[in-house]
Amino acid sequence: MGVNSNRVEDFSSHRITTESVMPGMEIHTVCLSPKKTTLQKLKQRFSEIFFPDDPLYRFKNQTWRKKLLLGLQFLFPIFQWAPEYRLELLRSDIISGLTIASLAIPQGISYAKLANLPPIVGLYSSFVPPLIYAILGSSSHLGVGPVSIASLIMGSMLSETVSPRDEPILYLKLAFTATFFAGLFQASLGLLRLGFVIDFLSKATLVGFMSGAAVIVSLQQLKGLLGISHFTSKMQFIPVMSSVFKHRDEASGLLKCKEAFWSWQTIVMGFSFLVFMLTTRHISMKRPKLFWVSAAAPLTSVILSTFLVFCLRSKTQNISFIGHLPKGLNPPSANMLYFSGPDLELAIKTGIVTGILSLTEGISVGRTFAALKNYQVDGNKEMMAIGLMNMAGSCSSCFVTTGSFSRSAVNYNAGAQTAVSNIVMATAVLVTLLFLMPLFYYTPNVILGAIIISAVIGLIDYQAAYRLWKVDKLDFLACLCSFFGVLFISVPLGLGIAVGVSVFKILLHVTRPNSLIMGNIKGTQIYHSLSRYKEASRVPSFLILAIDSPIYFANSTYLQERILRWIREEDEWVKENDGSPLKCIILDMTAVTAIDTSGIDFLSALRKMLEERSLQLVLANPVGSVMEKLHQSEMLDSFGLNGIYLAVGEAVADISALWKSKPDFPKDYNETRPCKETKR
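Remember, predicted model here, so these are calculated numbers, not experimental data.

### Remarks on helix 26 (residues 648–661)
In step 1: When the terminal C-alpha atoms of helix 26 are compared, their 20 Å separation across 14 residues agrees well with the 20 Å that a helix rising 1.5 Å per residue should span.
In step 2: Taking burial as the measure, the 14 residues of helix 26 include eleven buried ones, the bulk of the element.
In step 3: What helix 26 keeps buried is the set Val648, Gly649, Glu650, Ala651, Val652, Ala653, Asp654, Ile655, Ala657, Leu658 and Trp659.

Right under this line is the structure:
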C-alpha cells in the first residue's frame, strides 16, 4: 500500500497534496496556527500572563444578582464561607483561636523587641491585622501576626540609619511608614496580578536566608540571655560575637571576681526556660497530637518567669524586666506616617524588602496547609489581603504582619475550620490589651529572648540544604551565598546576593541552553539522547540535535557556535569509525517554545553556512508560534519543501527515501522539489 507524503498545504482550505515516499510511514504536514489579528494575539498573551486561572469564569452566563453576589464573594471571601458556617465548627475554631492566642501574645511582644519597637506594638499587631485577614483572606488555617524574619529585617535596616534609643519617635514613624509601603507594594502586586515577582526568591535562596537570619537572631538574643547591658546593634556575626566576649566582665549583675563572667542569674533563668521550650517543641514534632504542649510553652514560660521575678524581686534585681505596658486599644497612627523628609527613601526600601519576604512566607504557608486540606488558596487574593491588612495596620500602630508558620501549624493541629480562629485570637488579644497588661510588668526580657530563639531555631533547615547539594549544586551555591551573606555582610545585602545568584542561574539557562545529540532506538520511531540511552544509535548521514529552550538574542550566538561544534565533532567521529559521511542536520524544535528576530537570523545564517558545506538543515516539530514567525519572515520558503517536518522520524524516513531516488540530494534539493507558495 502506498504511503502519503503530506508536505504542501493550502492553509486557506486545508487541502493537502500527497506523494508516495516509502512503505509504512506517513509524512504529515506542519501547519501554521489559525489566523488571528494582532489584537487577538495580544489579548490571548495578556490573558495567559496575568490571568492564567481565568478568575472571572464564574461570572459567565449569570444573572446580575448572581454576579453581584459572586463579586462580593470574590472581593470578600468571608461572604463565601460565612453563610454556610455552622455552630458545630465554632467549638473547633474557639479552641484553635485560644491556642494560637497563647502563642501569639508572647511572640508578639518578643518580635516587637526584635524589631526594636515597644513591646506593646507587638500586641497591637496581633489584634487588628487578624480581623482584617478574616474578612479578606482565602486561607482557613493561616495564623496572622508578626513574624521573626520581617521583624529582623525591619529592625536591622532601620537601625542602621536611625537609633531606636536616641530617636524613638522618628524610629516608630519610620516603622509605621515602612509597614504602609510594604502593604501598598503587596496589594499592588495582587491588584496588578504581578505575583511572579516574588518567585525570584527561590527555595534555595530562602533556605539559606532564613538559616542565616535564624543564626543572627539567636546570637543577638545572647544580650538578654547573658544579662549584658551594652550590646552592639549590628546584625553581623563578627560584631555580635565580639560584643559578647568584650562585655563578659560587665558589672551588670556580675560577681566581683575574676572568675565570673556574665550575669549568672539571667543565664540560669534564660537557659532553663529555653531548654524547656525546645524540649516541648521536640515532643510536639515527635508526636503531632501533642501540639498543644509546644503551643502552650511560651505562655507558660512567661507566666512562670513573671511569677518568679515578682516573688524574688528583692533578690533578682539584676534581671531586667519589661516594665509598664499601656492598657487600651490600638491608638491611631495615621498622623505618624512619614511621607516627606530625608529618611523617606529608607522607609520605602525597608517596606519593599519586608513586604516581599513577608508575602513569600505568608503565601507559601497558606498554600502548604491548603494542600493538606485539599482546597485552593488564590495567590493574588492573598497578596491583596495581606497588603490591605498591613496598610490598615500602619494606621493603627501595627508593624509588618503576615502568615506565621508556627502559628498556622498550631492553628491547623488545633482543628481550625475557618478564619473565625483568627477572630477568636484577636478577641483574646483584645481582652489582654484591655485588662491584663499590668500582669506583664515583671516579665523578664530574658524570656522574650528565649522565646525568639525557640521560634527561629526551626528555620535552620540543614536537611533542605543537604537535598540542594544532592540535587542541584548551583542551587546549593545560591543557598550558601544567602547564608554567609546574611551572616557576615548584612541581612539586606545577603538577600540581594542570593537573589543575584538566582537571577544569574536563570540567565545562565537562557544564554547557555542545553543541546544534545539524539539517536534512534532500534525498531521504533523514537529518538532520544545518545548519552542517556544505550539503546539509541546514530542514524547514518544524519546529525539529530535537540535544543531545550527558546531561541532569543541572548543565546543565538552561543547556539550557532555549539551546533557548529557538534558538526565538527560528528565529522571526526565519522572519520574515526568509517561511518557514512554527514549529509543532513535535523534540529528537533519541540522544546523551542518561542523565537525572536535574532533567532530567525541565526537559523538563516546557519542554513547558509551548511549549504556551503553541502549539508541540509531540517527543522522538526516547530511549535505554532515559531512556525508563524518563520512564515511572517519568509524563512519557510528558504527551507524548501523538505526543510520542515512534524517529527524527527518522518524527517529521517522522507529524506532517506529521497536520497535513494535522487543520489544528488541534498545538493540540489531546492531545485528538484521547489516549495509551493504557502497561503494563510
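### Here's the deal with the layout of surface pockets
Rolled over the atoms, a probe as big as a water molecule pinpoints where empty space is left.
In step 1: Quantified by volume, the largest pocket comes out at close to 1500 Å³.
In step 2: Its residues assigned to classes, the lining of the largest pocket shows 29 nonpolar, 15 polar and four charged.
In step 3: Here the second largest pocket defines a volume of roughly 1300 Å³.
In step 4: Ser138, Gln376, Val377, Asp378 and Lys381 are the residues nearest the centre of the second largest pocket, which is lined by 48 residues in total.
In step 5: Of all the elements in the fold, those that place two or more residues in the lining of the second largest pocket are helix 1 (38–50), helix 2 (64–75), helix 3 (78–81), helix 14 (344–372) and helix 15 (379–394).
In step 6: A per-element tally of the lining of the second largest pocket places helix 14 first, with five residues.
In step 7: For the lining of the second largest pocket, a count of residues per class yields 23 nonpolar, 15 polar and ten charged.

### Focus on the environment of Ser396
In step 1: With respect to the helices and strands, the residue Ser396 is situated in the loop between helix 15 and strand 4 (402–404).
In step 2: Separated by 268 residues in the primary sequence, Ser396 and Val128 have C-alpha atoms spaced 7.6 Å apart.
In step 3: Setting aside chain neighbours within four positions, we find Ser396 in contact with Tyr124, Val128, Asn330, Pro331 and Ser333.
In step 4: A polar contact is formed between the side chain of Ser396 and the backbone oxygen of Ala392, at a distance of 3.1 Å.

### Points about the state of the cysteines
In step 1: For the coordinates displayed, the defined rule picks out zero disulfides.
In step 2: The thiol sulfur of Cys479 is not disulfide-bonded, and the nearest other cysteine sulfur, from Cys481, lies at 9.3 Å.
In step 3: We classify Cys479 as buried; its relative accessible area is 5%.

### Considering the UniProt feature "domain: STAS" (unreviewed entry) in the protein
In step 1: As annotated by UniProt and renumbered to match this structure, "domain: STAS" (unreviewed entry) occupies residues 532–655.
In step 2: When the span residues 532–655 is considered, its composition is 48% helix and 16% strand, and the gap between its end C-alpha atoms is 26 Å.

### Section: a nonpolar patch on the surface
In step 1: A contiguous nonpolar surface patch, about 700 Å² in accessible area, is contributed by Trp64, Leu68, Leu72, Leu75, Phe76, Phe79 and Ile135.
In step 2: With four residues, the single largest contributor to the nonpolar patch is helix 2.
In step 3: For Leu72, the location among the structural elements is in helix 2.

### A closer look at the domain arrangement of the protein
In step 1: Looking at the assigned domains, one finds that the protein contains domain 1 (90–247 + 260–504) and domain 2 (512–660).
In step 2: Using only C-alpha atoms to locate each centre, domain 1 and domain 2 end up separated by 54 Å.

### Examining the nonpolar core
In step 1: With 104 residues, the main nonpolar core has Leu117, Phe209 and Leu357 as its most contacted residues.
In step 2: When near neighbours in sequence (up to four residues on either side) are disregarded, Phe209 contacts Ile149, Ile153, Leu357, Ser482, Phe483, Val486, Val491 and Leu495.
In step 3: With 35 residues, the next largest nonpolar core counts Leu545, Leu559, Leu603 and Ile644 among its residues.

### Description of the packing of helix 9 (residues 203–220) against helix 20 (residues 473–488)
In step 1: Where helix 9 meets helix 20, the axes come as close as 7 Å, and the angle between the chain directions of the two elements is 25°. By the angle between their axes, helix 9 is roughly parallel relative to helix 20. Note that helix 9 runs across helix 20; the crossing there is right-handed. Touching Ala204, Thr205, Val207, Gly208, Phe209, Ser211, Gly212, Ala213, Val215 and Ile216 of helix 9 are Asp475, Ala478, Cys479, Ser482, Phe483, Val486 and Leu487, all from helix 20.
In step 2: In terms of residue class, the contact of helix 9 with helix 20 is built from eleven nonpolar, five polar and one charged.

### Concerning the packing of aromatic side chains
In step 1: Across all of its chains, the model carries 16 aromatic pairs by this definition.
In step 2: Measuring from centroid to centroid gives 5.2 Å for Trp469 and Phe476, while their planes differ by 70°, and the two rings are edge-to-face.
In step 3: A relative accessible area of 44% means that Trp469 is categorised as partly exposed.
In step 4: Joined through ring pairs, the aromatic side chains of Phe237, Phe483, Phe484 and Phe488 make up one cluster.
In step 5: Looking at Lys473, its charged tip hangs above the ring of Trp469, at a distance of 4.7 Å from the centre.
In step 6: Positioned over the ring face of Trp573 is Arg538, at 4.1 Å from the centre of the ring.

### Describing unusual backbone geometry
In step 1: A positive phi angle, near 70°, is found at Ser541, a position not held by glycine.
In step 2: Inspection of the secondary structure puts Ser541 in the loop between strand 7 (536–537) and strand 8 (542–547).
In step 3: For Ser541, a relative accessible area of 10% gives the class buried.

### A few points about the confidence of the model for the protein
In step 1: Averaged over every residue, the pLDDT of the protein is 83; residues scoring 70 or more account for 90%.
In step 2: The lowest-confidence element of the protein is strand 2 (residues 15–17), averaging 32 in pLDDT; the highest-confidence one is strand 9 (residues 584–588), averaging 95.
In step 3: This stretch, residues 1–22, has a pLDDT under 50; its non-local contacts, to residues over four places away or in other chains, come to 66 contacts.
In step 4: Segment residues 670–680: pLDDT under 50, and 29 contacts once partners within four positions in sequence are set aside and those in other chains are kept.

### Brief notes about the pattern of salt bridges
In step 1: Here the structure, examined in full by the defined rule, presents seven salt bridges.
In step 2: The partner of Glu88 in a salt bridge is Arg86, with the nearest N and O atoms 3.0 Å apart.
In step 3: Between Arg613 and Asp571 there is a salt bridge, with its nearest N and O atoms 3.6 Å apart. Placement of the pair is Arg613 in the loop between helix 23 (597–612) and strand 10 (616–620) and Asp571 in helix 22 (residues 556–577), with a sequence separation of 42 residues.
In step 4: For Arg613, a relative accessible area of 42% gives the class partly exposed.
In step 5: What makes Asp571 partly exposed here is its relative accessible area of 25%.
In step 6: Three or more residues are tied together by salt bridges with common partners; here these are Asp472, Asp475 and Lys505.

About the cut-offs
Residues numbered from 1 in each chain as written. Predicted model: local features only at pLDDT ≥ 70, side-chain atom pairs only at ≥ 80, totals over all residues. Heavy atoms only, no water. Helix = DSSP H or I, 4+ residues; strand = E, 2+ residues; numbered from the N terminus. Expected span 1.5 Å × (residues − 1). Buried < 20%, exposed > 50% of the residue type's maximum accessible area, 1.4 Å probe, protein only. 1 Å grid on protein atoms, 1.4 Å probe; cavity = no way out; pocket = protein on both sides within 12 Å on 5 of 7 lines; lining within 4 Å. Points joined across faces, edges and corners; volume = space filled by probe spheres on them. Nonpolar A, V, L, I, M, F, W, Y, C, P; charged D, E, K, R; others polar. Contact = heavy atoms within 4.5 Å. Polar contact = N/O pair within 3.5 Å; in protein donor to acceptor, adjacent residues only side chain to side chain. Disulfide = S-S within 2.5 Å. UniProt positions renumbered as here; feature names shortened; annotations may be inferred. Patch = residues over 30% accessible without salt bridge, like charges linked within 9 Å, V, L, I, M, F, W, Y side chains within 5 Å. Areas by Shrake-Rupley, 256 points an atom, 1.4 Å probe, with all protein chains shown as cover. Salt bridge = Lys/Arg side-chain N within 4 Å of Asp/Glu carboxyl O. Domains from an automatic or database assignment. Core = buried A, V, L, I, M, F, W, Y, C linked by side-chain atoms within 4.5 Å. Axes fitted to C-alpha atoms, helices over the stretch in contact; angles between N-to-C directions. Parallel < 35°, antiparallel > 145°, perpendicular 65-115°, else oblique. Left-handed = near helix turned anticlockwise from the far one by under 90°. Phe/Tyr/Trp six-rings, centres within 6.5 Å; stacked < 30°, edge-to-face > 60°. Lys NZ or Arg CZ within 6 Å of the ring centre and 35° of its normal. pLDDT = per-residue confidence, 0-100.

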